[in-house]
Amino acid sequence: MIELAWGAHSDRGLRRALNEDACLAQPPLFLVADGMGGHASGDKASAAAISAFAELSGRPSVSLEDVEQAFARAVHDVTGIDSRGDAGTTISGVAVSEQDGGTYWLVLNIGDSRTYRLSNGVFEQISVDHSEVQELVDRGELSAADAERHPRRNVITKAVGAGSSDMPDYWLLPVRDRDRILVCSDGLSKELSSEQLANVLAEEASAQGAAVRLVHEALIHGGRDNVTAVVVDAIRSGEPDDDDTATYSFDENTVPRPVAEEERTPDAPLQLG
Ligand code: MN
């Protein structure tokens, strides 16, 4: 049986009047939704999408069909929020899915919220943004660095609702012991570089500590948008060939937090404040 630890944190940020992000951190689902700015009812859209998926909470595992049905409910509910049907939201994250005796991260994404994985010391973005700048990058017409400053960097090409009839992208990744998943809104990924995200995830022992510190770092770097981070740790993957004599307790294999705090000197690059 897979063992998980998780944490979540969200903040309105420093410029926006409302927090239109929503998130779900209840096994087996860990999701972030970003209600679309410039559209009416963005906060209702993200909340409605999360509610549709929350109906799956508490199950030990979900299938792709379960997630597809929840997505269809989310589209229906978000589309019904206002009479013009222009409410919309992104959604990204993971569901724990047990299939054929293996345990997987079932990753889904539509829009430009993001799902990342830190596994065996390698940090990578799993989801691919549905955005105008990502399309330019894919065609070789824009560098990834220039995309971060492009005037149309906030324009997404697929969403839940908002007139989109597109389906999410899905990936199925085997869960490995001590995998750490980060799901976030663009208010985090546009304020911090991938390297900064990876460093925080590597430094913070607890999932909740990592989520809180990531949001804090985004505020320090400007907090121009709503910021949401969900962090999930696979303490044990639940693979049947696990050696029972091995201990995979996350805390025992990482630097305890009090020591980590002491080791952060004022010269450390990711020092808070
Ligand atoms: Mn946003």
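Our structure's up above, just so we're on the same page.
Scoring rules and cut-offs
Residue indices follow the written sequence of each chain, beginning from 1 at its first position. Side-chain atom pairs in this predicted model are given and counted only at pLDDT of 80 or more, local residue features only at pLDDT of at least 70, and totals for whole chains, interfaces and linings cover all residues. Neither water nor hydrogens contribute to the side-chain values; these are computed over all heavy atoms in the structure. A pair of strands is considered paired only if DSSP assigns at least 2 bridges between the two. Runs of H or I in DSSP of at least four residues are treated as helices and runs of E of at least two as strands, each being numbered from the N terminus. To get an axis, a line is fitted to the C-alpha atoms, and for a helix only the part in contact is used. The angle between two axes follows their N-to-C directions and goes from 0 to 180 degrees.

Q: Looking at this structure, I do not really get the sheet that holds strand β5 (residues 91-99). What am I missing?
A: Hydrogen bonding along the main chain pairs the strands of a sheet, whether they run parallel or antiparallel. With antiparallel pairing, the five strands of this open sheet are ordered in space as β2-β3-β5-β6-β10. Pairing within the sheet leaves two strands with one partner each, and these edge strands are β2 (21-26) and β10 (169-174). Each strand axis lies, on average, 15° off the axis of its neighbour in the sheet, ignoring direction. Sheet analysis places β5 next to strand β6 (residues 102-110), joined by nine bridges and oriented antiparallel. Each residue of the ladder has a partner; that of Q99, found in β6, is G102.

Q: Hey, could you run me through the sheet that holds strand β1 (residues 3-11) in this one?
A: In spatial order, the strands read β1-β12-β11-β7-β8; together these five strands make up an open sheet with antiparallel pairing. Looking at which strands have only one partner, the edges of the open sheet turn out to be β1 and β8 (122-125). Direction aside, the axes of adjacent strands within the sheet are offset by 15° on average. Where strand β11 (residues 180-184) and strand β12 (residues 227-236) come together, five bridges link them in antiparallel fashion.

Q: What's the story with the pairing of β2 in this structure? I'm lost.
A: Successive side chains on a regular strand alternate, one facing one side of the sheet and the next facing the other. Summarising the sheet, β2 and strand β3 (residues 29-34) pair through six bridges and their orientation is antiparallel. Its bridge partner lying in β3, L24 is registered against L31. Between the end of β2 and the start of β3, which pair antiparallel, lie two residues.

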